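Secondary and tertiary structure notes
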Amino acid sequence: GLHLSELTPGFLQYARVELQFSEQSIINYRDCFRQIERQIGDLPVHRYTKQHVLDLKARLLTRQLSVSRQVSILSALKRVLMYVQEQGFTVLDPEVVTIPKRPRRDVTFLKVDEVQRFVAAIPLERQDGQPSFRGLRFRALVEVLLGSAMRIGEALSLNRDQIDFDNREARIVG
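Residues numbered from 1 in each chain as written. Predicted model: local features only at pLDDT ≥ 70, side-chain atom pairs only at ≥ 80, totals over all residues. Heavy atoms only, no water.

Observations regarding the packing of helix α1 (residues 4-17) against helix α2 (residues 23-40)
α2 packs onto α1 with a crossing angle of 160° between their chain directions and a minimal axis gap of 10 Å. Compared by their axis directions, α1 and α2 come out roughly antiparallel. When the axes of α1 and α2 are compared, the crossing they make is right-handed. Between α1, through Leu 4, Ser 5, Thr 8, Phe 11, Leu 12, Ala 15 and Arg 16, and α2, the contact on the second element is made entirely by Glu 23, Ile 26, Tyr 29, Arg 30, Phe 33, Ile 36 and Glu 37. Of the residues contributing to the contact of α1 with α2, the split by class is eight nonpolar, two polar and four charged. (Axes fitted to C-alpha atoms, helices over the stretch in contact; angles between N-to-C directions. Helix = DSSP H or I, 4+ residues; strand = E, 2+ residues; numbered from the N terminus. Parallel < 35°, antiparallel > 145°, perpendicular 65-115°, else oblique. Left-handed = near helix turned anticlockwise from the far one by under 90°. Contact = heavy atoms within 4.5 Å. Nonpolar A, V, L, I, M, F, W, Y, C, P; charged D, E, K, R; others polar.)

Written out as structure tokens, the structure reads:
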């Protein structure tokens, strides 16, 4: 049977082409597979057992990796098992690989006066009194983020042709 390291290139091509993963996701997956190989061995994929999964989880906990990193590594293992299963091979049931829950983060909101002070601190003029285009652009970005609840990546990927100025609407794909 194929070892995990031998399967990785084919899986990454599948992830790039069929699942349309971003290049950053591909890099992360490659790193996750290296971590799996390092922690529980580069075995033929059909030989991984529930005990290997438990050993992997134990080692991730011992290394005190963040929950987010544990989720990434375990998700990569689960995804590659599903991929091999779809190819018609018998492997450990991907459902055996349970993913830890990410802890809910407390969200801290700025108070109205803090927002006003932040926005007011953005210089709109240069020292010579001329408009500061960097300041104006940053102020526009801040106002869009504050007024729309968009994420920074969504706002930065927004194009003018996606904005309906008459209705004051924009279609955001997040």
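Here we look at the nonpolar core
Of all hydrophobic cores here, the largest spans 29 residues; its most connected members are Phe 11, Phe 33, Ile 36, Val 45, Leu 56 and Leu 77. Those elements that place two or more of their residues in this core are α1, α2, α3 (50-62) and α4 (67-86). In terms of residue count, α4 provides more of this core than any other element does, eight residues in total. (Core = buried A, V, L, I, M, F, W, Y, C linked by side-chain atoms within 4.5 Å. Buried < 20%, exposed > 50% of the residue type's maximum accessible area, 1.4 Å probe, protein only.)

Some thoughts on the packing of α2 against α3
Put simply, α2 and α3 touch, their axes get as near as 10 Å, and they point 100° apart. Taken together, the axes of α2 and α3 are roughly perpendicular relative to one another. Contacts from Ile 36, Gln 39 and Ile 40 in α2 reach His 52, Asp 55, Leu 56 and Arg 59 in α3. Classifying every residue of the contact of α2 with α3 gives three nonpolar, two polar and two charged.

Nothing here speaks to function; it is all geometry.
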